[in-house]
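Chain and residue survey
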Amino acid sequence: MNADGRTRLNQTPEWTALAKHREELADTRLRELFAADPSRGTGYTLQVGDLYIDYSKHLVTDETLRLLRALAATTDVFGLRDAMFRGEKINVTEDRAVLHTALRAPRDAVIEVDGENVVPAVHAVLDKMGDFAGRVRSGAWTGHTGRRIKNVVNIGIGGSDLGPAMAYEVLRTFTDRDLTVRFVSNVDGADLHEATRDLDPAETLFIIASKTFTTVETITNATSARAWLLAALGDESAVAKHFVALSTNAEKVTEFGIDPDNMFEFWDWVGGRYSYDSAIGLSLMIAIGPDRFREMLDGFRLVDDHFRTAPAEANAPLLLGLLGIWYDNFLDAQTHAVLPYSHYLSKFTAYLQQLDMESNGKSVQRDGNPVEWQTGPVVWGTPGTNGQHAYYQLIHQGTKLIPADFIGFARPVAELSGELKAQHDLLMANFFAQTQALAFGKTAEEVRAEGVPEELVAHKTFRGDRPTTTILARELTPSVLGQLVALYEHKVFVQGAVWNIDSFDQWGVELGKVLAKRVEPALTEGAEVPGLDPSTKALVARYRELRGR
Ligand code: F6P
């Protein structure tokens, strides 16, 4: 029992039952499960909005799913979900509400934080963003010299970069192709250099995205960007036409020299990694236009509503979260691959890495007690076909169990020419072939029947039983992107709820930040920094020598 009166997860009867069930299921093969239930391929599926989700190729039975749902019930996942949607302060270590769902709530919704309805403010900011995006897109908003804005550079990091950068790639065919939109995050000066070297300052708008407006990488890059602009345009007053801020911290924004009128606000109840449908999405909105942005929000909302109302048996985020728990906690999987079969989703997994790993990379429970079970997996992956020629070998025949999500679309994007459109069937043939090969493998008998010499049979045998979820949609639209992101947001929520961790703080990133601040003078001035360990001290000395100091 924990101090808060909660039975420790691994001492609940539901957990014990799952552990026992795992033993019973140990030798069960996917081939057998499909043979026993020919309707499994259509039965173990869900349709949520535009997303068709096939979970039939998982190492689970009806009983596994029942036991997993019982675990969700005993850990009150839906209770915490309702508290989140109501605006309760479920981010306990920061004493904050968790209301990214309010960012896509309809205008007439009422969601209160500390007795105040936050929805009108959400829509006021969306309207202000829409107005600004419209003016940039139409050319009504001009730079300091009166020239039209042709380039937008978003400067931010983590949640203030990954979301809009990912979504910009995903929705590229919906963007205004006359605008150049770039994303700078790394404090390595090369990032800003490459992003600006061919741009004309008179035509460039910088969007400084930082929830706290204290993040050193972002403020450093923003300061350098301002210097770059002023070197060309001379006049300090140019900043007002070329810099806008997205932040919760008006004071710091003003201190930096950005006019508060040019600030787009959001709130401390929006976590950084859950923020790209807030003001943080401004660069995306400029690229795709306010209408497409709202379509994306509608997609988010569709899955919010589904998560909020669908019964446990048909609740997709619950199901996907529980399947992850099955592998993570009962089948010893350490990682989870997300493999999109769309070039446009090339940054999707990187985005999910922050969403999932910053949320659920925790080892204490909500009350501060250590966890005694595995929490969030390592999330990784790149677009599927490229992965097939790189690391899929390990997924197929390695010693590790790697559950994977396959995400694909029935139709190629409209913009492709006929020939390139035709390639889509080949892409998707790979998509379907891979999940089949992973699930069912190839037996030694099948290999022998092909006339393979006996000494190669073991090498050419595939065990199968590599579990996958397939997510298929008709086409990639702003709404579908919103649906996909919300699906993963809520999946991550479900897992954090079961593991009894705070999925909405990120204390683990603080130590490195503090140490970096301390170490910097040792690099620049050779200062004697107290507390440097012998290895780091020697490395710093070598660095200075190589740096010519
Ligand atoms: O260091 C991690 C982090 O705090 C993330 O959670 C956040 O998304 C990122 O830094 C950027 O923070 P900010 O938006 O305040 O600049």
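All values reported here derive from a predicted model rather than from experimental measurement.

1. Quick look at the pairing of strand E10 (residues 335-340)
In regular strands, side chains alternate between the two faces of the sheet. Taking burial as the measure, the six residues of E10 include five buried ones, the bulk of the element. Tracing the backbone out of E10, into helix H15 (residues 348-360) and back to the parallel element strand E11 (residues 378-380) gives a crossover that is right-handed. Direction of pairing for E10 relative to strand E12 (residues 404-409): parallel, over a ladder of four bridges. Paired with Leu339 across the strands is Phe406, a residue of E12.

2. Concerning unusual backbone geometry
Its identity as a non-glycine residue notwithstanding, Asp114 has a phi of 50 degrees, on the positive side. Position of Asp114 relative to the elements: it lies in the loop between strand E3 (112-113) and strand E4 (116-117). You will see that Asp332, though not glycine, has its phi angle at about 60 degrees, which is positive. On the secondary structure map, Asp332 appears in the loop between helix H14 (316-330) and E10. We classify Asp332 as exposed; its relative accessible area is 58%.

3. Concerning the pattern of salt bridges
Pairs can form between side chains of opposite charge whenever their charged atoms are close. Tallying each qualifying case throughout the model produces 34 salt bridges. A salt bridge links Arg86 to Glu88, with the nearest nitrogen and oxygen atoms 2.8 Å apart. The partner of Arg448 in a salt bridge is Glu454, with the nearest N and O atoms 2.8 Å apart. We classify Glu454 as partly exposed; its relative accessible area is 49%.

4. What to know about the site of the ligand
Neighbouring the ligand are 14 residues, the closest being Ser160, Ser210, Lys211, Thr212 and Thr215. Between the ligand and Ser160, the relevant distance is 2.6 Å, taken from an oxygen atom to a side-chain nitrogen or oxygen of the residue. Side-chain polar atom of Thr212 to an oxygen atom of the ligand: 2.6 Å apart, as the coordinates give it. Summarising the interface, the protein chains cover 87% of the accessible area of the ligand, which totals 390 Å² for the free molecule. Residue composition of the shell around the ligand, grouped by class: two nonpolar, nine polar and three charged.

5. Quick look at the packing of aromatic side chains
A ring pair, where both rings are aromatic, is described by two values, the distance of the centres and the angle of the planes. Under the criterion given, the structure shown has 27 aromatic pairs. Consider the rings of Phe213 and Phe256, whose centres lie 6.0 Å apart with planes at 80 degrees: the pair is edge-to-face. Within this pair, whereas Phe213 is found in the loop between strand E7 (204-209) and helix H9 (216-233), its partner Phe256 is found in helix H11 (residues 250-256), the two being separated by 43 residues in sequence. Accessibility assignment for this pair places Phe213 and Phe256 in one class, buried. Here the aromatic cluster, defined as three or more aromatic residues joined through ring pairs, consists of Tyr341, Trp380, Tyr391, Tyr392, Phe406, Phe431 and Phe432. The positively charged end of Arg81 is found above the aromatic ring belonging to Phe307, 5.9 Å away from the centroid. In this arrangement the basic side chain of Lys241 is found over the ring face of Trp141, its NZ or CZ atom lying 4.7 Å from the centre.

6. Examining helix H22 (residues 510-524)
If you check H22, its first and last C-alpha atoms are 22 Å apart, about what 15 residues at 1.5 Å a residue would give, namely 21 Å. A maximum bend of about 30 degrees is found in H22 at Arg518, where proline Pro521 lies one to four positions downstream. Downstream of H22 by a residue or two, Gly526 has a phi angle that is positive, lying close to 70 degrees.

7. Section: the domain arrangement of the chain
Assigned domains within the chain: domain 1 (30-90 + 294-499), domain 2 (101-288) and domain 3 (510-547). The straight-line distance from the C-alpha centre of domain 1 to that of domain 2 is 32 Å. Contacts between the two partners involve 32 residues from domain 1, matched on the other side by 31 residues from domain 2. Summed over both partners, the interface of domain 1 with domain 2 buries about 2800 Å², with 60% contributed by carbon and sulfur atoms. Counting the surface domain 1 buries against domain 2, the share from its top three residues, Arg294, Tyr344 and Tyr351, is 20%. Our enumeration of links across domain 1 and domain 2 arrives at six salt bridges. Notably, a salt bridge pairs Arg177 with Glu415, separated by 2.7 Å at the nearest N-O pair. Across the contact surface, domain 1 and domain 2 share eleven residue pairs in polar contact (both at pLDDT 80 or more). Of all the secondary structure elements, the ones that give two or more residues to the side of domain 1 that touches domain 2 are helix H5 (77-86), helix H13 (290-309), H15 and helix H21 (478-499).

Cut-offs applied
Residues numbered from 1 in each chain as written. Predicted model: local features only at pLDDT ≥ 70, side-chain atom pairs only at ≥ 80, totals over all residues. Heavy atoms only, no water. Buried < 20%, exposed > 50% of the residue type's maximum accessible area, 1.4 Å probe, protein only. Helix = DSSP H or I, 4+ residues; strand = E, 2+ residues; numbered from the N terminus. Right-handed = clockwise from strand over helix to strand, strands pointing away. Pairing = 2+ DSSP bridges. Salt bridge = Lys/Arg side-chain N within 4 Å of Asp/Glu carboxyl O. Near = heavy atom within 4 Å. Polar contact = N/O pair within 3.5 Å; in protein donor to acceptor, adjacent residues only side chain to side chain. Areas by Shrake-Rupley, 256 points an atom, 1.4 Å probe, with all protein chains shown as cover. Nonpolar A, V, L, I, M, F, W, Y, C, P; charged D, E, K, R; others polar. Phe/Tyr/Trp six-rings, centres within 6.5 Å; stacked < 30°, edge-to-face > 60°. Lys NZ or Arg CZ within 6 Å of the ring centre and 35° of its normal. Expected span 1.5 Å × (residues − 1). Bend = angle between axes of the 7 residues up to and from the residue. Domains from an automatic or database assignment. Contact = heavy atoms within 4.5 Å. Buried area = accessible area lost by both parts, 1.4 Å probe.

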